[in-house]
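Here is how the chains run, residue by residue.
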Amino acid sequence: MTPSAESRQFKRIGIESVVLPFLGARVADFQPFQYLLRDMSQGGVGVTLPRWLASRERLNLGDEVNLHVPFSMDGGILAIGEVVRESWDEDNEEQVVGIRLTRNSPNVYGVFFEADSRDISFDLGRNGLEGLLTRVIKDSVLLKRGILIYLRHLASYFSRLSEYTHEEYQSFRETIIDDVRGRIRTHADYLETVHRTCCDTSRSSFERIDLEELRQAMEPELYLDLFRAALGDDTASLFLHAIKELEGKLFSNYNTVVMLYIGTF
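Source: prediction; values computed, not measured. (Residues numbered from 1 in each chain as written. Predicted model: local features only at pLDDT ≥ 70, side-chain atom pairs only at ≥ 80, totals over all residues. Heavy atoms only, no water.)

**Student:** Could you clarify how one ought to interpret the overall build of the chain in this entry?
**Tutor:** Each helix and strand counted, the chain has six helices and nine strands in total. Restricting the contact set of the chain to residue pairs at least 6 apart, pairs at least 24 apart contribute 68%. As presented, the chain carries roughly 13,100 Å² of accessible surface, and 47% of it is formed by carbon and sulfur atoms. (Helix = DSSP H or I, 4+ residues; strand = E, 2+ residues; numbered from the N terminus. Contact = heavy atoms within 4.5 Å. Areas by Shrake-Rupley, 256 points an atom, 1.4 Å probe, with all protein chains shown as cover.)

**Student:** Can you walk me through helix H4 (residues 211-218) in this structure?
**Tutor:** Helical geometry note: an α-helix holds 3.6 residues per turn, so side chains three or four residues apart project in the same direction. Of all the residues in H4, the buried ones are Leu211, Leu214, Arg215, Ala217 and Met218. In a view along the axis of H4, the buried residues occupy a sector of 165°, so they form one face of it. A distance of 2.9 Å separates the backbone nitrogen of Glu212 from a side-chain oxygen at the start of H4, and that oxygen is part of Asp210. (Buried < 20%, exposed > 50% of the residue type's maximum accessible area, 1.4 Å probe, protein only. Arc of directions from axis to C-beta. Polar contact = N/O pair within 3.5 Å; in protein donor to acceptor, adjacent residues only side chain to side chain.)

**Student:** For this particular structure, what's the right way to read the pattern of salt bridges?
**Tutor:** Within the structure shown, the criterion is met by 15 salt bridges. Residues Glu64 and Arg103 are paired through a salt bridge, measuring 2.8 Å at the closest nitrogen-oxygen approach. Here the residue Glu64 occupies a position in strand E5 (residues 64-73), and Arg103 occupies one in strand E7 (residues 94-104), the gap between them amounting to 39 residues. Among the residues examined, Arg103 registers a relative accessible area of 38% and is labelled partly exposed. (Salt bridge = Lys/Arg side-chain N within 4 Å of Asp/Glu carboxyl O.)

**Student:** How should I be thinking about the side chain of Thr48 in this particular structure?
**Tutor:** Here Thr48 shows up in strand E4 (residues 44-50). Not counting residues up to four positions away in its chain, the partners in contact with Thr48 are Tyr35, Leu36, Arg38, Glu94, Gln95 and Val96.

**Student:** What is the right way to read the layout of surface pockets from this model?
**Tutor:** Any empty space left between atoms is shown by rolling a water-sized probe over those atoms. Of the pockets and cavities examined, the largest pocket occupies roughly 650 Å³. Taken together, 29 residues line the largest pocket, and the ones lying closest to its centre are Asn66, His68, Gly248, Lys249 and Ser252. Sorting the residues of the lining of the largest pocket by element identifies strand E2 (22-26), E5, E7, helix H2 (128-161) and helix H6 (234-262) as the ones contributing at least two each. At nine residues, H6 tops the list of elements feeding residues into the lining of the largest pocket. The residue inventory of the lining of the largest pocket, partitioned by class, reads 13 nonpolar, nine polar and seven charged. A volume near 370 Å³ is recorded for the second largest pocket. Gln31, Pro32, Pro220, Leu222 and Tyr223 are, among the 16 residues lining the second largest pocket, the residues nearest its centre. For the lining of the second largest pocket, the class distribution of residues is six nonpolar, four polar and six charged. (1 Å grid on protein atoms, 1.4 Å probe; cavity = no way out; pocket = protein on both sides within 12 Å on 5 of 7 lines; lining within 4 Å. Points joined across faces, edges and corners; volume = space filled by probe spheres on them. Nonpolar A, V, L, I, M, F, W, Y, C, P; charged D, E, K, R; others polar.)

**Student:** When you look at the nonpolar core in this model, what are you seeing that I'm missing?
**Tutor:** Ranked by size, the top nonpolar core spans 70 residues in total, and within it Phe22, Val45, Phe71, Ile99, Phe113, Leu214 and Phe227 carry the most contacts. In this view, Phe113 contacts Val18, Phe22, Leu37, Met40, Val69, Pro70, Phe71, Ser72, Asp119, Ile120 and Met259; residues no more than four positions away in its chain are not counted. (Core = buried A, V, L, I, M, F, W, Y, C linked by side-chain atoms within 4.5 Å.)

**Student:** Teacher, can you tell me more about the environment of Asp74 here?
**Tutor:** By the element assignment, Asp74 lies in the loop between E5 and strand E6 (76-89). By relative accessible area, which is 56% here, Asp74 ends up exposed. Remark: the alpha-carbon pair of Asp74 and Thr102, spanning 28 residues in sequence, is separated by 9.8 Å. When neighbours within four sequence positions are excluded, Asp74 is seen to be in contact with Gln42 and Gly43.

Structural data, given as structure tokens:
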């Protein structure tokens, strides 16, 4: 057995233990939504979108969605697929959705669902749940800081090349860009605080993390349609999509934290 294999700690948690919402997004417009995992099998998963969720969307047949959770099935790691059935459950006030997974997704942290066993599988390395949590939060801080950098480049590009007058640009910057920048900084600072909490080993980090506050810090600050309408340029769209890619990684990180949190029970 190799040293790396010896250092691994595997833990399994059954799907029946998964009672916390995850974050997903529609692929076409990056619109985020919360969902609960209902069931899974080879090739597909069932999710519900209860009315009580804080970030709720209605999904339609044919929508392509990224669940931002790795599922091990059909010999690969899948997370993206198409809505193939949907209905409304009046009794539970929730949308019930079936998704056929068709596209792969990176499994950065070695935490994923196994379709065959219907378990969450953890490859914890040497540092266990706490160590992996610390790594995920640190990466999330860097992702938020990266979004700030892209936004700075986007604002600079817009100020130089847009067709807006100086006064129009000033108004857009003060009412939109500065507000978005301020919220990103606030969320990045919050994640820094969470990271310091994770580095304090006096007691479990999981006992001190508020998942709802964490979700709010991980969710997008930038509204794509608003910026796209204001900028209307192919180069600007590249910056916007780069930001949305980083936001997607934050969704995956949040979902990893949820899975790790479940693993503490």
